[in-house]
Amino acid sequence: MENRKEYYFSISIIFNSIFITSVFVIMIPLIVILYIKGGFWVLPILIVYLFMFYNSIPTYKSLFFKLKNIPAIILTENEFIDNLNKQRFNWDDIKRVSYDKSYSRFKMTNIYFELYDPNAYNVLSGNKLDRLLRKLDNHFYKGSYRFSPNIIKGDNKALLKEILLFKDNKSNFSKHIK
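This is a predicted model, so every value here is computed, not measured. Per chain, residue numbering runs from 1 following the sequence as it is written. For a predicted model such as this one, the threshold for reporting local features is a pLDDT of at least 70, and the threshold for listing and counting side-chain atom pairs is 80 or more; totals across whole chains, interfaces and linings nevertheless cover every residue. Hydrogens are left out, water is left out, and the side-chain values use all remaining heavy atoms of the structure.

1. Observations concerning helix H2 (residues 42-68)
For H2, built from 27 residues, the straight-helix expectation of 39 Å at 1.5 Å per residue is met to within 8% by its first-to-last C-alpha distance of 37 Å. Fitting axes to the seven residues that end at a residue and to the seven that start at it, the angle between those axes gives the bend at that residue. Each helix corresponds to a stretch of at least 4 residues labelled H or I by DSSP, and each strand to a stretch of at least 2 residues labelled E; elements are numbered beginning at the N terminus. When the local axis directions of H2 are compared, the greatest deviation, roughly 35 degrees, occurs at Ser56, which is followed within four positions by the proline Pro58. Only protein chains enter the accessibility calculation, which uses a 1.4 Å probe; a residue is then buried when its area is under 20% of its type maximum, exposed when over 50%, and partly exposed in between. Buried within H2 are the following residues: Val42, Ile45, Tyr49, Ser56, Thr59, Ser62, Leu63 and Phe65. Contacts are residue-level and defined by heavy atoms, with any inter-residue pair within 4.5 Å sufficient. In this structure, the buried side of H2 is in contact with helix H1 (12-37). Of the residues flanking the end of H2, it is Asn69, one or two places downstream, whose phi is positive at about 60 degrees. Multiplying one less than the number of residues by 1.5 Å gives the expected span of a helix.

Below, the structure is given as structure tokens:
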């Protein structure tokens, strides 16, 4: 039987969705009032509103996954599966796994996969914005794919250890986690 580990979204996704929906509901009357008064700020606020809406789609997608009990991340012997971003990585295509803690002392903000051939995965994305962002990731993060473990239920370090276990097939993580 194949070794498999599933990670699900945390409950914070529900609270994030409620907060974002509240902001959207509050902004609609503001935009309407500004439009009626003929204010200059209608267009910039509408652009910010649309940008926020576009960026909140992953949050609502995460909420859908949480309510349907679909795993966010699946680790198997052969691949890493990120259901939210519709990405699958073969472990052999990942050169190195790393993380940063740039925003918080206690939580990782991102886990990075340095890929041997990031362009091979970049081509798989059908969304032009995703392809552009991945090209920027390739440039700034040395060909890495990144994801935020903060929306995943459980301990971030335990998740990173599991990823390293599946990647390296080793039980000694002292060289990776300090």
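2. Description of the sheet that holds strand S6 (residues 110-115)
One bridge is not enough; two strands pair if DSSP finds at least two bridges between them. In space, the three strands of this open sheet follow the order S5-S6-S7, with antiparallel pairing throughout. Sheet topology places strand S5 (94-100) and strand S7 (144-147) at the edges, where each strand pairs with a single neighbour. Taken pair by pair, the neighbouring strands of this sheet meet at an average axis angle of 20 degrees, ignoring direction. In this structure, S5 lies alongside S6, joined through six bridges in antiparallel fashion. Residue pairing across strands places Ile94 opposite Leu115, the latter belonging to S6. Most of the contacts of helix H5 (residues 156-168) go to S5, to which it runs at about 170 degrees, and overall it touches S5, S6 and S7. Where helices are involved, their axes are fitted lines through C-alpha atoms of the stretch in contact, as for all axes, and angles between N-to-C directions lie from 0 to 180°.

3. Quick word on the packing of H1 against H2
With their axes 10 Å apart at the nearest point, H1 and H2 run at an angle of 160 degrees to one another. Considering the angle they form, H1 stands roughly antiparallel to H2. Of the two possible hands of crossing, H1 and H2 adopt the one that is left-handed. For this classification, the nonpolar set comprises Ala, Val, Leu, Ile, Met, Phe, Trp, Tyr, Cys and Pro, the charged set comprises Asp, Glu, Lys and Arg, and every other residue, Gly included, is treated as polar. Its residues assigned to classes, the contact of H1 with H2 comprises 19 nonpolar, six polar and no charged. The labels follow the angle: roughly parallel below 35 degrees, roughly antiparallel above 145, roughly perpendicular from 65 to 115, and oblique for the rest. Working rule for handedness: look at the near helix, and if it is turned counterclockwise from the far one by less than a right angle, call the crossing left-handed; if clockwise, right-handed.

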